[in-house]
Amino acid sequence: MRPSPGSLVCPAVATLHVVVLLLALQARAELPVFVASEAYDSGDFGRYPVQTFKSSPAIAPRPNLVRQDAACARNLKTFLTPRGYAEPASRAQATILDDDGRLVWTSGWEDKQIYNLMVQTYRGQNYLTFWAGNDAVGGHGAGAYYMLDETYSLRRKFEAANGLEGDLHDFRITKQGTALMTVYDVRDHDLSALGKATGPIWDCLIQEVDMATGALVFEWRASEHLDVAHTHRDIGGEGEPGAAAFDWFHLNSIDKDPRGNYLVSSRYLHSVTYIHGRSGEVLWVLGGKGNMFRDLSGGNATNFAFQHDARWDNDYAEITLFDNSDVGQLSERSNPRGMRIRVDQEAMTATLLAEYKNPRRIPAESQGSMQTLPGGNVVVGFGFTGAYTEFSRAGTPLCDTHYGPETGFGSGDVQSYRVLKFAWRGFPATDPDLAVARDDARVWRAYASWNGATEVTRWVLQGADDEEPGARGWSVVETRPRDGFETDFVLEAGHPRYLRVVGLDCKGNALGTSLPADAAEADVDYKIDKPPPEEDLDFDETWTWAMGVMAGIGIVVLAVAARPACKAWTSCRAAPKSGHYRRLSTDERTAVAERFA
């Protein structure tokens, strides 16, 4: 069987893409990412390096691409919710990065903490979903779940049933149009097995709610089905009347299979529990003190601890999870890893198929995620540590990214509950942003960006000499390919006073136009292709500048040559037809701006 043209061309283009990226980043140190930078990981750029922009107040992680491989999933975007102790990470953000680590979209949400940003499908439409609320409630959260459409407009808000608060750990939409959510609730429980009388515990619930009606479909309480004595957490001074409730179970993920049964992960029981979808009966337990499986991997399939994000995979024959293994700094027993476990429910055996370990062996005190991507690769987020790694299905590290310096690993300076990857198309209901400002070399430029717009491939800078020239009064000043989140245009002598930018998709359709900017203060008295007359460049500076220009031209030629190679294999995706999404009114835009502040 002959391979398709795409199977030959596009891997080569993916490799070229990585090479071009690395060359470009080495040539332009001011770009918003680092490449294998030892200075970054030594903390030379601060506890939390960030991307900032002239045209937008947006802030995003400025990652260090420690390892890059063409085999990584370059058609997906990265979803994370950076927060932490280092400024400005203390202001939690929902963030999407492209496959090169550059910002696509970011937003706060009503000054609340944000967790679990992901793409989910409901009734055939993709939505951004996340939790927002108060995360300082005994290691879990009290808040609600939100759904934004592809214009980043709020479409649905969900709360837990029976007057309870929604927890931050999980919110999953099922194919049946229901939502699974984690819930925590304080209730009294017999603690005699732990040397105490009856006292308060944090009980863990799973709730399934019909999304159309809000009706509760199913509810399950851990304390009614599992032994509190199976916990691995010391009760200490908790669990006594008037004292703090004892967090004995700590539910952090839910999954559901076609049989209608539930799979839940308990951090403090070190176990994954399989629950009957109608009676709530425990069908089996994998790992922990109540383990029911024979481990065919010498104990390595069931020895996970403090784990997160347990999911069915491979037609419900395998379970994937993130094994934190410890709750502090690295020790001899620390072995943070993603795990792929084959589960034979008839023979009741468990086999470790693959491990996914960061090449540098980093701590993961809390949080974390593991996701199998559509192409078979695996992405692992290290939670409390600002790093995520993409692996082959067999466990070979392919791409490793730090969004905080390695000197801060384990400190919580910057962290993200999960790091996941999805395909996503965004068509913001807002207008593009434009700013006219000087760069660090005092050169006047026009800067264009559009928070969340994924389909813009080119920016057109237009100019006019009148503030309101009408549609035909705008002339084209320059057209440039989109260059990451923010694209800049050099302003030359004689530029028009009023400027605006138009974002075009790959078919030339106009997706959005910025408001005009008054560039009267941009007093340009020389052209950029000539050095400023008051400056004399010595030979070394001139040679460096010339080499940079030549490298840039070469990179552009390579990139342009590579783009058509895949056109026969992939098609340009145009924006939705006019009217597919409702544009927001002025009042609604104001409300959105306040919400996303």
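Each remark here, short or long, concerns the structure printed above.
Residues numbered from 1 in each chain as written. Predicted model: local features only at pLDDT ≥ 70, side-chain atom pairs only at ≥ 80, totals over all residues. Heavy atoms only, no water.

A. View of the overall build of the chain. When its secondary structure is counted, the chain shows four helices and 37 strands. Within the chain, the proportion of its 597 residues that are buried is 55%. Taking the intrachain contacts of the chain between residues at least 6 apart in sequence as the baseline, contacts between residues at least 24 apart amount to 58%. For the chain, the computed accessible surface area is about 26,600 Å², with 50% contributed by carbon and sulfur atoms. (Helix = DSSP H or I, 4+ residues; strand = E, 2+ residues; numbered from the N terminus. Buried < 20%, exposed > 50% of the residue type's maximum accessible area, 1.4 Å probe, protein only. Contact = heavy atoms within 4.5 Å. Areas by Shrake-Rupley, 256 points an atom, 1.4 Å probe, with all protein chains shown as cover.)

B. Focus on the sheet that holds strand β6 (residues 94-97). Taken in spatial order, the four strands line up as β7-β6-β5-β29 in an open sheet, and their pairing is antiparallel. Where the open sheet ends on each side, the last strands, each with one partner, are β7 (103-107) and β29 (419-422). On average, each strand axis in the sheet is tilted by 20 degrees relative to the strand beside it, whichever way the strands run. (Pairing = 2+ DSSP bridges. Axes fitted to C-alpha atoms, helices over the stretch in contact; angles between N-to-C directions.)

C. The arrangement of the state of the cysteines in detail. Inspection of the entire model under this criterion finds one disulfide. Linked covalently through their sulfurs, Cys72 and Cys399 form a disulfide whose S-S length is 2.1 Å. Judged by the sign of its S-S torsion, about 130 degrees, the bond between Cys72 and Cys399 is right-handed. Taken together, the residues span a long stretch of sequence, with Cys72 in the loop between β4 (64-67) and β5 (77-80) and Cys399 in strand β28 (residues 397-402) at a distance of 327 residues. For Cys72, a relative accessible area of 8% gives the class buried. According to the relative accessible area criterion, Cys399 is buried, its value standing at 6%. (Disulfide = S-S within 2.5 Å.)

D. The pairing of strand β10 (residues 140-148), seen in detail. The element β10 is largely enclosed, with a buried count of eight among its nine residues. Alignment of strand β9 (residues 125-137) against β10, held across eight bridges, turns out to be antiparallel. Its bridge partner being in β10, Leu128 is matched across the sheet by Leu148. Here four bridges tie β10 to strand β11 (residues 154-158), and the two strands are oriented antiparallel to one another. Within the sheet, the bridge partner assigned to Met147 lies in β11 and is Arg156.

E. Quick peek at the pattern of salt bridges. By the definition in use, this model includes 38 salt bridges. The salt bridge involving Arg187 is made with Asp203; its shortest N-O contact spans 3.9 Å. A residue pair is termed long-range when its members are at least 10 positions apart, and Arg187 in strand β13 (residues 178-189) and Asp203 in strand β14 (residues 199-210) qualify at 16 residues. Two residues, Arg425 and Glu455, come together in a salt bridge whose shortest N-O distance is 3.7 Å. Linking Arg425 in the loop between β29 and β30 (433-438) with Glu455 in the loop between β31 (444-449) and β32 (458-464), this pair joins segments that are 30 residues apart in sequence. Salt bridges linked by common partners bring Arg74, Asp98, Asp99, Asp100, Arg102 and Asp483 together as one network. (Salt bridge = Lys/Arg side-chain N within 4 Å of Asp/Glu carboxyl O.)

F. Layout of the pairing of strand β16 (residues 251-256). Most of β16 sits out of view: five of its six residues are buried. In the sheet, β16 pairs with strand β17 (residues 262-266) via five bridges, with the strands oriented antiparallel. Residue pairing in the sheet places Leu251 in a bridge with Ser266 of β17. In this structure, the hairpin formed by β16 and β17 is closed by a connection of five residues, where Gly260 is found at a positive phi of approximately 90 degrees.

G. Quick look at the side chain of Ser56. Take Ser56: it is sitting in the loop between β2 (50-51) and β3 (60-61). The exposure class of Ser56 is buried, given its relative accessible area of 9%. Polar contacts involving the side chain of Ser56 include one to the main-chain amide nitrogen of Ala58, which spans 3.1 Å. Discounting chain neighbours no more than four positions away, the residues touching Ser56 are Ser449, Phe485 and Glu486. (Polar contact = N/O pair within 3.5 Å; in protein donor to acceptor, adjacent residues only side chain to side chain.)

H. Focus on the sheet that holds strand β21 (residues 308-313). Overall, mixed pairing links the five strands, which are arranged β20-β24-β23-β22-β21 in an open sheet. With one partner strand each, in any of the chains shown, β20 (294-295) and β21 form the two edges of the open sheet. Bridge count for β21 against strand β22 (residues 318-323) is four bridges, and the pairing is antiparallel. Bridge pairing in β22 links Arg311 to Thr320.

I. Region of interest: the environment of Gly242. With respect to the element layout, Gly242 can be found in the loop between β15 (216-221) and β16. The exposure class of Gly242 is exposed, given its relative accessible area of 87%. Between the C-alpha atoms of Gly242 and Gly199, which are 43 residues apart in sequence, the distance is 8.5 Å.

J. Unusual backbone geometry, seen in detail. A cis amide bond links Glu87 with the next residue in sequence, Pro88, at an omega value of 0 degrees. For Pro88, the position within the fold is in the loop between β5 and β6. For Asp111, which is not glycine, the phi torsion reads 60 degrees and is therefore positive. By the secondary structure assignment, Asp111 is in the loop between β7 and β8 (113-122). Judged by relative accessible area, Asp111 falls into the exposed class, the value being 76%. Unusually for a residue other than glycine, His270 sits at a positive phi of about 55 degrees. Structurally, the position occupied by His270 is in the loop between β17 and β18 (271-275). Judged by relative accessible area, His270 falls into the buried class, the value being 9%.

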